[in-house]
Amino acid sequence: MRRLERYVNAGGKRLRCGYTTGTCAAAATRAAAELLLGATEVPEVAVDTPAGVEVFVEVERVERGDGWVEAFVRKDAGDDADVTDGMLLAARVERRAEPGVSIDGGPGVGRVTKVGLDQAVGEAAINSVPRAMIAEAACEAAQAHGFEGGLAVTISIPRGAELAAQTFNPRLGIEGGLSVLGTSGIVRPMSEEALVASIALELKVLYETGARDLVLVPGNFGHDFAVGTLGLDERIIVSCSNYLGAAIDEAALLGFDSVLLVGHLGKLVKVAAGVMNTHSRVADARLETLAAHAACAGASQETVCAIMEAATTDAALDLLEQAGLLERTMDRVTRQVGAHLAHRAAGRLAIEAVIFSRQRGLLGQTDGAEALLLQHREQAGMTEGDMR
């Protein structure tokens, strides 16, 4: 297996990146399509990932049948090894009468059984970005061989059903196998020690520029909402990943005056349960916490049980809205988030939070959040007119 020789420095360590199951699926698709349409051999495939990184993936095995070719590649997770590291993933490609590219999942790829996920109920658990990568790979192969007909692609994972039992897929409502995931095509290493050290270093550098009021976000969703919706200055935004508690402690030690936390409900609802390391391997109290606050807000047993069975927090919000309890429940969750943040800060700095979802936008903000937002906008020289 050809390794991805791309590295990141985190916390003084040099860590090797890997590539996603989505990149594997695109690579296998390109190889199978090339062989189906006329190539004699394809030992390796190049994939242009959404992150702008070109990845070279070795084709490990090829199988052929009547009108189809199936290519197998092996997943390389880099230094962020998980259950998918080293597994085989295959793409079977065949011609079809209809134009365009159809994409489906075969053995070992899960099926969606609950609403609220990236794909509709009944569809293969191949997310939107990997689907686009797979379609692009098939189209590029067709163009290279002058083929103008349609292609059918079926992605399979030989040990997918077995490996899925070690993931959260069954609980999320993805049954029968793994998901094909990835938004960038590249897996960045997630060593906890290295990440926490990297966050601490970024905070120190920001503090030394003279910044005293900080915005923390768990990741890209929070960053995009903070900049695009709240109009905050991205120069004072630091991603704390899952390590919120460690980031708060470091900000306090450095001497920051305030922290404004901006995050998606899927992360921040865990904070309402006192969880300060929000990685799913450490704690996943999202639905339990929402269900408990819904019950306190007056939800029926039926609604509480439905929330506990929801696939995502967005699906749970739909249930709360149907019960007429969305605002009341979010008020309770937001207050509890504020209480736990204040407890962690322990008077060392001011700390507030803004909670949102991608579908609904702003869901709640702690009592002092508006004042901090105004302060940040004034520091950036913005007016209310600029925000409209």
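Placed above this text is the structure.
Overview of the structure.

Definitions and cut-offs
Residues numbered from 1 in each chain as written. Predicted model: local features only at pLDDT ≥ 70, side-chain atom pairs only at ≥ 80, totals over all residues. Heavy atoms only, no water. Core = buried A, V, L, I, M, F, W, Y, C linked by side-chain atoms within 4.5 Å. Buried < 20%, exposed > 50% of the residue type's maximum accessible area, 1.4 Å probe, protein only. Helix = DSSP H or I, 4+ residues; strand = E, 2+ residues; numbered from the N terminus. Contact = heavy atoms within 4.5 Å. Axes fitted to C-alpha atoms, helices over the stretch in contact; angles between N-to-C directions. Parallel < 35°, antiparallel > 145°, perpendicular 65-115°, else oblique. Left-handed = near helix turned anticlockwise from the far one by under 90°. Nonpolar A, V, L, I, M, F, W, Y, C, P; charged D, E, K, R; others polar. Pairing = 2+ DSSP bridges. Salt bridge = Lys/Arg side-chain N within 4 Å of Asp/Glu carboxyl O.

### As for the nonpolar core
By size, the foremost hydrophobic cluster in this structure holds 63 residues, and its most contacted members are L214, L216, L244, L260, V262 and L341. Per-element accounting of this core gives the leading share, six residues, to helix α12 (residues 326-345). When near neighbours in sequence (up to four residues on either side) are disregarded, V262 contacts V215, L216, V217, P218, G222, F225, A226, L230, L232, V354 and F356. One finds A39, V69, M87 and A164 within the second-largest nonpolar core, a separate group that totals 50 residues.

### Some details on the packing of helix α1 (residues 21-37) against helix α2 (residues 128-144)
Orientation of α1 relative to α2, taken along the N-to-C sense of each, is 20 degrees, at an axis distance of 8 Å. Comparing the axis directions of α1 and α2 gives the class roughly parallel. When you trace α1 past α2, the crossing you get is right-handed. Between α1 and α2, the residues in contact are G22, T23, A25, A26, T29, R30, A33, E34 and L37 and P130, M133, I134, A137, A138, E140, A141, A142 and A144, respectively. Looking at side-chain class alone, the contact of α1 with α2 contains 12 nonpolar, three polar and three charged residues.

### Focus: the sheet that holds strand β7 (residues 88-96)
Spatially, β4-β5-β6-β7-β11-β8 is the arrangement adopted by the six strands of the open sheet, whose pairing is mixed. With partners counted over all chains shown, the strands left at the sheet margins are β4 (44-48) and β8 (101-105), one partner each. Across the sheet, the mean angle from the axis of one strand to that of its neighbour is 30 degrees, orientation sign disregarded. When β8 meets strand β11 (residues 150-156), the two strands line up parallel, connected through five bridges. Of the residues in β11, the one forming a bridge with D104 is T154. Sitting on the sheet, α1 touches β4, β5 (54-65), β6 (68-74), β7 and β11, and the angle it makes with β7 is about 40 degrees. Sitting on the sheet, α2 is in contact with β4, β8 and β11, with an inclination near 135 degrees to β8.

### Considering the pattern of salt bridges
Tallying each qualifying case throughout the model produces 18 salt bridges. The partner of E70 in a salt bridge is R92, and the shortest N-O contact between them spans 3.5 Å. Of this pair, E70 sits in strand β6 while R92 sits in strand β7, and the two are 22 residues apart along the sequence. Take E70: its relative accessible area is 8%, and that puts it in the buried class. Assessed through its relative accessible area of 28%, R92 is described here as partly exposed. The residue E309 makes a salt bridge to K114 at a minimum N-O spacing of 3.9 Å. Here E309 is found in the loop between α10 (301-308) and α11 (313-322), whereas its partner K114 is found in the loop between β10 (111-112) and α2, with 195 residues between them in sequence. Relative accessible area serves as the criterion here: at 52%, E309 is assigned to the exposed category. Shared partners join several salt bridges into a network, and the residues in it are R30, E34 and E140.

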